[in-house]
Amino acid sequence: MNTVSPWRAVWLIAKRELNTRLRTRSFVIGTAVLLVMLMGYVLLQSTLIGNEDKSKVGLTGQTAGIAQQLQKAGAAIGEKIETVTVADPAQGRSQVENGDLDALLSGNATELKVLVKSELDTKLRSLLNGVSQQEVLNGILSEAQQSPEQVMRTVEQTQVEVDSIKPPDPEKAQRMVIGLIVAVLLYMSIVTYGTLVAQGVVEEKSSRVVEILLSTVRPWHLLLGKVIGLGLVGLTQLVIIGGAGFIVASATNVLTLSGVATGALLWGVVWYLLGFLLYATVYGAMGSLVSRQEDTQSVIGPVNIVLILGFIVGFNLLAQAPEGTGTKVLSLVPLLSPVLMPARIAAGTVEAWEIAASLGLTVGAIALFTWLGARIYQNSVLRVGSRIKLSEALKG
């Protein structure tokens, strides 16, 4: 006679999964590989950010006299211009070809000639045009016996008046980056550990271990314990990777470890738990329909397709139109909310009622899927041999 309480049984099963999986070589190696990949990505972004608004320009002949003007004009538009005097034009051409120089200037200030390797950067083109045009204007004003400095001061005083409905968000770009990263991490984690639930069910079923376990616990205890245990394993890995990523990103100035990043990490944890409960029960139920590992993909394939297609469509909408109607609607769909809603929260494009609505719908979907999954699992887990039809498993 079973004297273990239901929740005690669930916790014991979850603890067994947690202890077993955290000590496996695959978990350690997988986490290490993901950390290395994330660190590499962060360092790459750090390098790109450092070089994003910087141009190195070589000056030959008379163009050497406009070095300060170039630097001043660049500073006005947020572009750092590094100038280098090049004595030999042939050497300058070689430096452009090798990528040591972004551009090589020749001619004179009013008739600039620019040599580039392939294509002139749009911002640098505008800057050079502006400097050259300024020199032409100075010449015309001098001929008209007017002070170029006085005229330009008068011209620069004319500015457009800007009025905005809401103040700009200085962290908008950072929010979007965090949102997209959260979406990718949650998607990968749910797919990976959801699949492990299905594979674990098939493994226990094929080895007949499940028959021993079910002699002391009920089927739904076993399924729920497995889901919770593997969910905690996935959460552990997610927190390790996410926390390390935010710390390194902060240290390299790619991101600011502020309330935005911290809030995104906390919401990511909440939605990971909801998403995993939503999908893992379904993965486990579908895994109980087969008795061989090689048949696992055939039963969890439809679940993967729904998640993958939803992620691809939602990710593109999130990147291109984070405040669009399509993004808002998809983020409220329970099967997609765990991936899209935390990304929208991080990006700062979501209203409080949308969060509440998605939470309610997702919790309702979890209750429904848990009931269906437990029914399928209970009616299928002890039946070995050929694949069981879903309709048969639902009828019992």
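- As annotated in an unreviewed UniProt entry, the chain is ABC transporter permease from Amycolatopsis decaplanina DSM 44594.
- Listed in UniProt under the heading Subcellular location (unreviewed entry), the comment for the chain reads: "Membrane".

A word on the pairing of strand β3 (residues 103–108)
- Where strand β1 (residues 54–59) lies against β3, three bridges are found, and the strand directions are parallel. Residue pairing across strands places G58 opposite L104, the latter belonging to β3.
- Of the pairings in the sheet, the one linking β3 to strand β4 (residues 111–115) comprises five bridges and is antiparallel in character. Looking at the pairing, L105 lines up with V114 of β4.
- Remark: two residues form the turn of the hairpin made by β3 and β4, two consecutive strands paired antiparallel.

Observations concerning the UniProt feature "transmembrane region" (unreviewed entry) in the chain
- UniProt feature "transmembrane region" (unreviewed entry): in the numbering of this structure it lies at residues 26–44, 176–202, 222–247, 254–279, 299–318 and 355–377.
- Structurally, residues 355–377 comprises 100% helix and 0% strand, and the distance from its first C-alpha atom to its last is 32 Å.

Some words on empty space enclosed by the protein
- Tallied over the full model, the rule gives one cavity of 30 Å³ or more.
- What the largest cavity holds in volume is close to 110 Å³.
- Surrounding the largest cavity, I181, V182, L185, L186, L238, V239, G242, F246, A264, L265, G268 and V269 form its lining.
- Looking at the lining of the largest cavity, the elements that each hand over two or more residues are α7 (172–206), α9 (219–251) and α10 (259–287).
- The class makeup of the residues in the lining of the largest cavity is 10 nonpolar, two polar and no charged.

Parameters and conventions
Residues numbered from 1 in each chain as written. Predicted model: local features only at pLDDT ≥ 70, side-chain atom pairs only at ≥ 80, totals over all residues. Heavy atoms only, no water. UniProt positions renumbered as here; feature names shortened; annotations may be inferred. Pairing = 2+ DSSP bridges. Helix = DSSP H or I, 4+ residues; strand = E, 2+ residues; numbered from the N terminus. 1 Å grid on protein atoms, 1.4 Å probe; cavity = no way out; pocket = protein on both sides within 12 Å on 5 of 7 lines; lining within 4 Å. Points joined across faces, edges and corners; volume = space filled by probe spheres on them. Nonpolar A, V, L, I, M, F, W, Y, C, P; charged D, E, K, R; others polar.

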